[in-house]
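Here are the chains, one letter per residue:
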Amino acid sequence: MTEVNDRPATTAKAGLEFAGHELSRASLDSCVKCTICETQCPVSAVTPLFTGPKFIGPQAERFRNGESVDHSLDYCSSCGTCTLVCPQGVQVAELNSQARAVMKADHMPIRDRLVSQTTLMGKLMTPVAPLARWALGNKPIRTLMEAAVKVHRDAPMPPAQSQTFQSWFASRPRPATVPTRGTLVFFHGCAGGYFEVETSKKTVEVLEHLGYEVLVPRQGCCGLAQQSNGLFDEATASVLKLCDDLRSSGKDLTIISSSGSCTGMLKHEAHEIMGVSDDRLADVGTRIRDTMEFLLDLHDAGELPTDFAPMPMTVPYHAPCQLKSQGIGKPALEVLRLIPELTVVDSEKVCCGIAGTYGLKKEKYEIAQAVGRPLFEMVKATNPDLALCDTETCRWQIEQSSGVKTVHPIWMIHAAYGLG
Amino acid sequence: MRKLAVDVVVIGGGSTGAGVVRDVAMRGYSTVLVERADLGQGTTGRFHGLLHSGGRYVVSDPLSATECAQENAILSRIQAGAIETTGGYFVCCPGDDPAFADKFLAGAAATGVPAREVSVGEALRNEPRLNPGITRAIEVQDGTVDGWQLVWGAANSARHYGAEILTYHAVTKIDTADGAVTAVHCTDLKRGEDVVIETGFVLNCGGPWAGQIAAMAGAHPVDVVPGRGIMIAMNHRLVNRVVNRCIYPADGDILVPVHTVSIIGTTDVKVDDPDHLAIEPDEVQQMLDAGEVLIPGFRNSRALHAWAGARPLIKDNRVAAADTRHMSRGMAVIDHTERDGLDGMLTIGGGKLTTYRLMAEHIVDAMCDKLGEKRACRTAEEDMPPSGAGKNYVVTHRLEEREHDRFTEQIICECELMSRKMLTDALAAQPNGSFDDLRRQLRLGMGPCQGGFCSMRATGIALETGHIDIERATALLRLFLKNRWLGLWPILYGDQVRQTALDNWIFAGTLDVEHLPPPDPSVRPEPEIEKKTPVAAVMEAGVRS
Ligand SMILES: Cc1cc2nc3c(=O)[nH]c(=O)nc-3n(C[C@H](O)[C@H](O)[C@H](O)COP(=O)(O)OP(=O)(O)OC[C@H]3O[C@@H](n4cnc5c(N)ncnc54)[C@H](O)[C@@H]3O)c2cc1C
């Protein structure tokens with residue numbers, strides 16, 4: 001009678017069925033109602049529209065059985081602060097993301113489908129970069145966009161570039177130095193491939209400067225934006241495809257990324273939020289390192305050259321939520337402190353508000369701005385010309401809302417090594 | 001002293017008594033129900049929460065199976081708000097004889113219990129935490145039921161037909177004259193007043209206390225054998241359907257999702273006194289082991305509360321064969337005329353909550369026979385407003401309600417999503433209520449924190465809104481905490497220890513609840529069944545010394 005073959009398999013489809021089950025749901029047993037998550041939640045601090053992480057997480061989850069009745073949970077920005085601060089180990093943010101996936105399974109707004117298509121956006125915008133830049137900066141067009149797909153007219157949009165990272169990497173002159181330290185795989189992510197091309201270039205140049213050979217396999221999207229918009233099927237397919245891409249460069253190689261949020265997706269979110277249990281993901285997830293984490297590891301091992309040129313200036317640094325959720329501390333702060341005469345000031349703010357695609361949405365734009373306001377003020381007061389932050393959408397948000405140019409910390413390392 | 005006069009007095013406000021008083025009233029008799037505590041505070045509030053599909057009895061007790069199947073369908077319709085039609089599975093676990101499932105299916109077909117074998121894959125997809133080693137799965141129409149909602153529904157319907165419901169009234173004596181019942185004496189426990197009810201008929205629905213009540217009328221001892229069973233509520237719904245082991249009925253073979261929790265049970269141990277039900281450590285372990293068979297990892301999930309109830313089984317060799325007309329298996333109506341030479345009294349025992357309406361029909365039919373009257377039973381036809389007709393309960397209800405009033409309502413009990421308005425409405429409706437009375441209606445303190453946060457909030461609100469004074473506030477809070485603790489001691493392991501430690505710091509530390517002034521003497525502990533474990537007794541002694 002046993003029918004082994006129709007047992008549930010962990011496929012893209014099972015991603016949604018997983019929602020509300022197993023790991024995260026079991027962790028709600030550890031909630032003692034201490035309310036620490038509520039005190040740290042950046043969204044509940046600024047709006048009554050959101051009922052708060054404890055409410056929509058461990059509490060509401062006990063009342064869920066398939067059907068979705070609490071649509072206000074969509075005000076959760078998925079920043080993950082609640083999980084990070086929970087002293088009992090409750091996966092609050094994961095529970096919320098899963099509940100959102102169940103909710104969106106039926107009625108997903110077209111906007112949430114569009115903004116989560118990061119590769120598509122990049123591909124569409126690159127050939128027409130000047131036009132895209134103009135259109136995204138153009139008020140009447142943005143107003144139309146807001147009306148049509150409910151992306152707020154003032155929300156930050158990715159800066160379109162004339163050349164993708166891949167085409168730069170393929171067409172540049174071969175590096176003159178011979179690699180002495182072995183081989184690394186570089187994962188640039190969608191933003192790093194299409195919009196934040198400079199950050200990707202500088203990362204590769206720093207790694208090559210340190211003596212590594214850097215391989216860049218053809219690679220797709222990690223699916224994070226789809227995941228945070230509750231599209232688990234699509235996200236699962238994307239992340240597994242990406243794992244195949246990254247594994248194609250060779251076994252056991254360390255993978256480096258300057259996309260903090262995509263790294264988090266590979267390290268833990270795909271597994272913990274969507275329940276993807278796949279050897280390929282486990283393999284990539286344990287081999288991947290955030291760029292600054294990797295540099296700090298080198299330093300701790302006494303292998304990072306510290307012949308940095310002095311940079312006499314003071315810059316604000318903001319550690320993004322998705323970096324903090326990786327449990328690696330704030331490696332950029334420590335590495336940047338090796339640069340002589342550079343003063344880096346930690347923002348010590350919870351969140352910039354954008355949380356991936358959250359702050360783009362018309363109904364959430366004001367909330368995201370309110371969340372980020374203390375940070376924007378801090379940034380402006382610390383240095384009106386330059387700020388540092390590890391993840392792309394957070395940089396766009398800080399830059400757009402504070403008017404301060406915001407770059408990845410690798411830019412400082414790149415400059416301090418005298419690489420241009 | 002107060003005096004009343006009615007055609008029929010119903011003693012006991014459990015499911016049986018509530019069903020009986022409704023039936024009596026619907027047949028046009030004037031009637032009063034007397035209950036020594038709150039409604040549903042005996043066995044009915046300490047049961048497993050299962051609305052049987054009949055599946056459990058298809059092999060062992062075919063008649064009960066058919067009755068359950070029929071009553072399940074009726075109750076799901078007429079008391080929709082009290083019942084969640086979860087559906088259920090009977091599963092063969094590793095080591096269970098898979099051939100029993102064939103007997104089961106044959107039995108189900110013969111008894112009219114809807115049952116259908118489904119693939120193991122389907123069962124595991126629907127209930128992903130189920131033991132992946134199950135070899136067969138049969139789908140049945142088990143449901144889950146809130147015993148209190150069920151009883152109140154019946155009581156309200158009875159009131160609608162003119163019945164009076166007297167809670168916190170303990171029967172102390174039954175007068176007889178010339179071999180017939182003449183009056184029932186009781187004490188109004190809240191007012192400390194005696195009440196005498198003149199009547200020609202008593203229906204004894206005392207459950208496990210039925211023997212004590214029969215004795216008050218001078219009847220020969222009715223041999224009630226209370227069968228104690230323990231149950232443990234786990235923090236959340238590990239399953240969304242009732243899951244039974246597909247074996248001959250045994251201990252710990254059912255996991256029932258009721259409201260936000262899932263309840264594992266139960267045991268069956270003969271005890272002498274239904275007022276003192278211990279929760280033995282070995283039975284707790286037995287339940288956790290049983291849970292582990294159904295749901296691997298069960299022991300790692302959080303237990304919230306344990307309790308025990310006593311099955312009101314009547315073993316009576318005085319029952320004449322002629323009486324079996326009114327007996328179906330598992331339930332017994334005792335006619336005291338022939339047995340004790342006493343007219344005007346019937347005692348009912350046994351049965352199940354699922355068949356409470358049918359039990360009532362039987363005993364009221366028997367009464368009509370004795371009175372020589374023909375009055376038809378209509379209880380199966382009529383919905384019980386307000387929670388009766390309409391949609392069945394589903395677990396998402398409260399979350400949906402809070403979604404709608406989230407901008408205007410404070411949440412007082414966070415675990416069970418009880419709003420401030422729910423609390424103040426209930427306080428206004430019963431100014432003399434204890435917090436346990438409120439708990440049974442609102443689920444106050446029944447979630448993971450077990451009153452740790454909500455009980456002090458509820459106390460504060462009751463005080464602030466003038467429903468109670470400060471002395472009563474202290475007493476009510478302490479009593480509530482004490483009662484919660486009774487169900488916590490037996491399961492203090494794992495995650496619940498952290499919660500109770502935190503709760504204890506709050507109450508014993510920050511609020512120093514143990515050194516508040518002595519309680520208001522008007523707050524007497526209710527005749528709450530004590531569920532004290534040896535450990536609890538020791539710990540309490542330790543606290544006091
Ligand atoms: C462990 C266990 C699990 C069970 N699980 C299920 C289940 O899942 N599904 C199901 O269908 N059935 C179940 N049952 C059976 C079901 O709970 C009982 O059959 C049913 O609740 C009995 O109701 P009752 O009204 O006859 O008794 P009770 O509910 O015990 O009512 C008797 C009432 O009489 C009152 N009383 C006593 N003395 C006096 C007095 N002197 N004056 C006034 N009032 C008095 C008591 O306070 C009490 O409220 C279970 C039983 C047990 C023990």
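Thresholds applied
Residues numbered from 1 in each chain as written. Chains lettered and ligands numbered in written order. Predicted model: local features only at pLDDT ≥ 70, side-chain atom pairs only at ≥ 80, totals over all residues. Heavy atoms only, no water. Helix = DSSP H or I, 4+ residues; strand = E, 2+ residues; numbered from the N terminus. Buried < 20%, exposed > 50% of the residue type's maximum accessible area, 1.4 Å probe, protein only. Pairing = 2+ DSSP bridges. Polar contact = N/O pair within 3.5 Å; in protein donor to acceptor, adjacent residues only side chain to side chain. Contact = heavy atoms within 4.5 Å. Core = buried A, V, L, I, M, F, W, Y, C linked by side-chain atoms within 4.5 Å. Near = heavy atom within 4 Å. Areas by Shrake-Rupley, 256 points an atom, 1.4 Å probe, with all protein chains shown as cover. Domains from an automatic or database assignment. Buried area = accessible area lost by both parts, 1.4 Å probe. Salt bridge = Lys/Arg side-chain N within 4 Å of Asp/Glu carboxyl O. Nonpolar A, V, L, I, M, F, W, Y, C, P; charged D, E, K, R; others polar. Arc of directions from axis to C-beta.

Engineer: Describe unusual backbone geometry, and please don't skip the residues or the numbers.
Structural biologist: Cis peptide bonds are those with omega within 30 degrees of zero, and the linkage from Gly265(B) to Thr266(B) qualifies with -5°. Tracing the sequence through the fold places Thr266(B) in the loop between strand S16 (261-265) and strand S17 (269-270). Despite not being glycine, Asp252(A) shows a phi value in the positive range, around 65°. Along the chain, the position of Asp252(A) falls in the loop between helix H15 (232-247) and strand S3 (254-257).

Engineer: I'd like a rundown of the pairing of strand S15 (residues 254-258) of chain B, residues and numbers included.
Structural biologist: Consecutive side chains of a regular strand alternate in pointing toward one face of the sheet and then the other. Residues and elements named next belong to chain B. Among the 5 residues that make up S15, 5 are buried, leaving the element largely enclosed by the rest of the structure. Where burial is concerned, the two faces of S15 agree: the one with Ile254, Val256 and Val258 and the one with Leu255 and Pro257 are both buried. For strand S14 (residues 242-245) and S15, the ladder comprises 2 bridges, and the chain directions are antiparallel. The residue bridging Val243 from the neighbouring strand is Leu255, located in S15. Pairing geometry for S15 and S16, over 5 bridges, is antiparallel. Bridging across to S16, Val258 finds its partner in Val261. Where S15 hands over to S16, the hairpin turn is made up of 2 residues, of which His259 adopts a positive phi near 50°.

Engineer: Please give an account of the side chain of Ser455(B) that cites residues and values.
Structural biologist: Residue and element names in this part refer to chain B. Here Ser455 shows up in helix H13 (residues 454-464). A polar side-chain atom of Ser455 sits 2.5 Å from the main-chain carbonyl oxygen of Gly451. Every residue in contact with Ser455, bar those within four places of it in the chain, is listed here: Leu477, Phe480, Leu481 and Phe507.

Engineer: I'd like a description of the nonpolar core, backed by residues and values.
Structural biologist: Counting 47 residues, the largest nonpolar core has Val20(B), Leu203(B) and Met367(B) as its most contacted members. For this core, the element with the most residues is helix H9 (residues 356-371) of chain B, which contributes 9 residues. Other than its neighbours up to four places away in sequence, Met367(B) contacts Val8(B), Val24(B), Tyr29(B), Phe201(B), Leu203(B) and Leu346(B). In terms of nonpolar packing, the next biggest core, distinct from the first, is built from 41 residues, Phe186(A), Leu323(A), Leu333(A) and Val335(A) among them.

Engineer: Account for the site of the ligand, naming residues and giving values.
Structural biologist: All names here are of chain B. In the vicinity of the ligand there are 36 residues, among which Thr16, Glu35, Thr43, Thr44 and Thr354 approach most closely. Between the ligand and Thr43 there is a distance of 2.8 Å, counted from an oxygen atom to a side-chain nitrogen or oxygen. In this structure, Leu50 approaches the ligand through a main-chain N or O atom, which is 2.8 Å from a nitrogen atom. With the chains in place, 96% of the 1,000 Å² that the ligand exposes on its own is no longer accessible.

Engineer: Go over the domain arrangement of chain A, please, and point to the residues and values.
Structural biologist: A common way to report how large an interface is uses the accessible area buried once the components associate. Residue and element names in this part refer to chain A. Taken domain by domain, chain A comprises domain 1 (19-104) and domain 2 (305-416). Summing both sides of the interface, domain 1 and domain 2 together bury roughly 1,100 Å²; the carbon and sulfur share of this comes to 68%. Counting across the domain 1 and domain 2 interface gives 1 salt bridge. The salt bridge involving Asp74 is made with Lys364; its shortest N-O contact spans 2.8 Å. The tally of links from domain 1 across to domain 2 stands at 2 residue pairs in polar contact (both at pLDDT 80 or more). In the side of domain 1 that touches domain 2, the residues fall into 8 nonpolar, 5 polar and 1 charged.

Engineer: Tell me about H13(B), and name the residues and values.
Structural biologist: All names here are of chain B. Regarding H13, the residues found buried are Cys454, Ser455, Ala458, Thr459, Ile461 and Ala462. On an axial view of H13, the arc spanned by its buried residues comes to 165°, and they lie on one face. In this fold, the buried residues of H13 make contact with strand S21 (411-413), helix H11 (420-429), helix H12 (435-442), helix H14 (470-486) and helix H15 (495-510).

Engineer: If you had to explain the interface of chain A and chain B to someone new, which residues and values would you point to?
Structural biologist: In this assembly, 33 residues from chain A lie in contact with 45 residues from chain B. Counting each side, the surface lost to burial between chain A and chain B is near 3,400 Å², with a carbon and sulfur contribution of 54%. Of all residues in chain A, the largest losses of buried area upon contact with chain B belong to Asp29(A), Arg62(A) and Phe63(A), amounting jointly to 25% of the total for that side. Applying the counting criterion to the chain A and chain B interface returns 2 salt bridges. Two residues, Arg62(A) and Glu416(B), come together in a salt bridge whose shortest N-O distance is 3.2 Å. Among the elements of the structure, helix H2 (22-27) and helix H4 (53-61) of chain A are those that each provide at least two residues to the side of chain A that touches chain B. Examining the composition of the side of chain A that touches chain B, we find that 4 residues originate from one element, H4(A), more than from any other.

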